[in-house]
Structures are given as C-alpha cells and as structure tokens.
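Chain residues, written in single-letter form:
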Amino acid sequence: LSRPENIPSHFQEDGTWGNIWNLGYMTEDNHGWLVSILHFNRTSIVDFTNVTDIQGNQFQLQNNLNFGSYAGVELNKTFRVHVGEHGTFFEPFGGFRYGKFDDDPANPTVETGTGTRGVFHNSMVGGQLGLRTYSRKGHWIISAEFRGFGQMNFQEMAANRIQIITTADGAGGFVVQNPVVTRVDEDFDEFVVGGELRLEAAYEITREIRANVGLEVLHLGRGIGRGIDETLLTSSRMNDGAVTYAGIFFGIQMNR
C-alpha cells in the first residue's frame, strides 16, 4: 500500500494482506452475472519520537505513517465472446461498484506540545466498465482483466487535538494546565477515478478445480482523503490524494 502524499516518506510502500472472492455464472447464451468482493487489511506503520518537555520529563509521540484499509464489492453483468480457433475468449462487463477506504492519520507537533489524531472515512459509490480475456494452453488458462471506474466519494473526517500548556508560575516553578481538547468533524464530496488490473495464470488440476496465481494492482487516482493539516486542524487541503495497492495473489477456483 502506498503511503499518504503529505508525509516525507510518501514514496515508500508498506505490506499488508487481503482476500478476493468471486462468485458468478454464465448461461449457455454466453451472458451472466459476477459478484466480486475485495478486502485489504489495515497497515500499521508507526514512527515513534522520543521528546523531552520543559520540565525534563521524557515521553514518546506516535506518528501513524500508513494506517489504511480497503474493502469493496461489485456487481457486474457479463458477456462472453469466442474469438479464433485456439480457445481465446473476451468477456466485457459493466456494473455497480462500492468501495471504502479508511485512514487514521496522526501528525504530532513536538514544538507546541500538541498531539493530533484523526479518522478519515472514504465511502465511494459508482459504476465501472471492464474487460476480461483468457486463453487455454493445455492445462493452463492465462487471463488478463481490467476495470475502469468513476465514483462519488462521501468523505467523513473526525479529528482531536490535545494540547498541554506549561507556563512559569513566577516563583521558579511551572504550572501544567489540564489538557485542552479540540474536536473537529468535517464532510467533503469528491469524485474518484481509478482502475484495477489483474493478471492471472490458472492450472487445471481437474475439470472442476484450478489453482491460480497472479498480480493485482488497484489504483484510486484522486479524490481520497488521507491527511490532516495539524496547524489549521482541517483536511480540506488533504482530501484529494491517491491510493495504490500492488501485490501477488494465489488461490483456488471451483467451476461447475
């Protein structure tokens, strides 16, 4: 998973794992339906900083570098077209797509004694068009699949800023006030464009069972909220970012 664009290490990626479930059917007339569910677990990449306050007390601040998770479901109408004599097929499809990307950004500021923590929810609803093509080579089935989609993203951000103010008491000591908590809730609407690419090789163990391995790339090109401006305590300048997942998958297919 790519890191947020608003942090210095945004060029790095972090590992996670997830699942893909596909359930569908095709009629003898070469059209049918496909339901696909995609889920990636939350990454938990944290940076810790040791700091010392004005009284010499030492404590540790946590900065969440990458705390994203994704879940989505889609419903597609599919069609099958046979081309050539070597078992090459094309399956165009289109339908409904829902996705949710959650992020927990945290960017503490040591100099002011302020810590900020937030939760950013991205709920995306829209449509997609795609194409799957595959061909048989003996017991192997080689396929490529691409989806392009556009979605409205209904964003919700909740942030808390906790500030501890230490002042001199005029007698050589210090006075530490109770923490001051500021909470901000914001809603935004953005438009998300993105794509998904899946390359796969499946080996036919029996007529009904196949083992498969492949490459999965999911890119949300814009319109994703992942950061908080700690100074202004707002996400209005950090709610139009991008998200990229890339990795390998393996699994089992059952066909009847």
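For the structure itself, consult the block above.
Notes on the structure in this doc start here. In this convention, every chain numbers its residues from 1, walking through the sequence in written order. Reporting of local features is limited, given that this is a predicted model, to residues whose pLDDT is at least 70; pairs of side-chain atoms are given and counted only at 80 or more, and all residues count toward the totals for whole chains, interfaces and linings. With hydrogens and water stripped out, all remaining heavy atoms of the structure feed into the side-chain values.

### Brief notes about the packing of aromatic side chains
Pairing of aromatic rings covers Phe, Tyr and Trp, the last counted by its six-membered ring, and requires centre-to-centre distances within 6.5 Å; plane angles under 30 degrees mean stacked, over 60 mean edge-to-face, and any other angle means tilted. With the rule as written, the count across this model stands at five aromatic pairs. Their ring planes at 25° and their centres at 4.3 Å tell us that Phe-40 and Tyr-245 sit as a pair that is stacked. In this pair, Phe-40 sits in strand β2 (residues 31-40) while Tyr-245 sits in strand β14 (residues 241-254), placing the two residues 205 residues apart along the sequence. The pair formed by Phe-40 and Tyr-245 is uniform in burial state, with each residue classed as buried. Aromatic pair Phe-89 and Tyr-134: ring centres 5.1 Å apart, planes at 15°, arrangement stacked. Starting at the N terminus, helices and strands are each numbered in turn, a helix being any DSSP run of H or I of at least four residues and a strand any DSSP run of E of at least two. A simple rule labels every residue: compare its accessible area, found with a 1.4 Å probe on the protein chains alone, to the largest value its type can have, and call it buried under 20%, exposed over 50%, or partly exposed in between.

### What to know about the layout of surface pockets
With a 1 Å grid laid over protein atoms only, a set of points is called a cavity when a 1.4 Å probe fits there but cannot get out and a pocket when it is open yet has protein on both sides within 12 Å along at least five of seven lines; lining residues have an atom within 4 Å of a point. Grid points are joined across faces, edges and corners, and a volume is the space filled by probe spheres set on the points. Put simply, the largest pocket is a space of about 1700 Å³. In terms of lining residues, the largest pocket is bounded by 47 residues, among which Asn-22, Arg-132, Glu-200, Asn-212 and Gln-253 are the most central. Of all the elements in the fold, those that place two or more residues in the lining of the largest pocket are β1 (18-26), β2, β7 (88-103), β8 (114-137), β9 (140-163), β12 (180-204), β13 (209-224) and β14. Ten residues, namely Ala, Val, Leu, Ile, Met, Phe, Trp, Tyr, Cys and Pro, are considered nonpolar, four, namely Asp, Glu, Lys and Arg, are considered charged, and the remaining ones, Gly among them, are considered polar. A class-by-class count of the residues in the lining of the largest pocket yields 21 nonpolar, 15 polar and eleven charged.

### Comments concerning empty space enclosed by the protein
What the rule picks out here adds up to one cavity of 30 Å³ or more. In this structure, the largest cavity occupies an estimated 40 Å³ of space. Around the largest cavity sit Ser-36, Leu-38, Tyr-70, Gly-72, Val-73, Glu-74, Arg-97, Tyr-98 and Glu-196, which together line it. With four residues, strand β5 (residues 69-79) is the largest single contributor of residues to the lining of the largest cavity.

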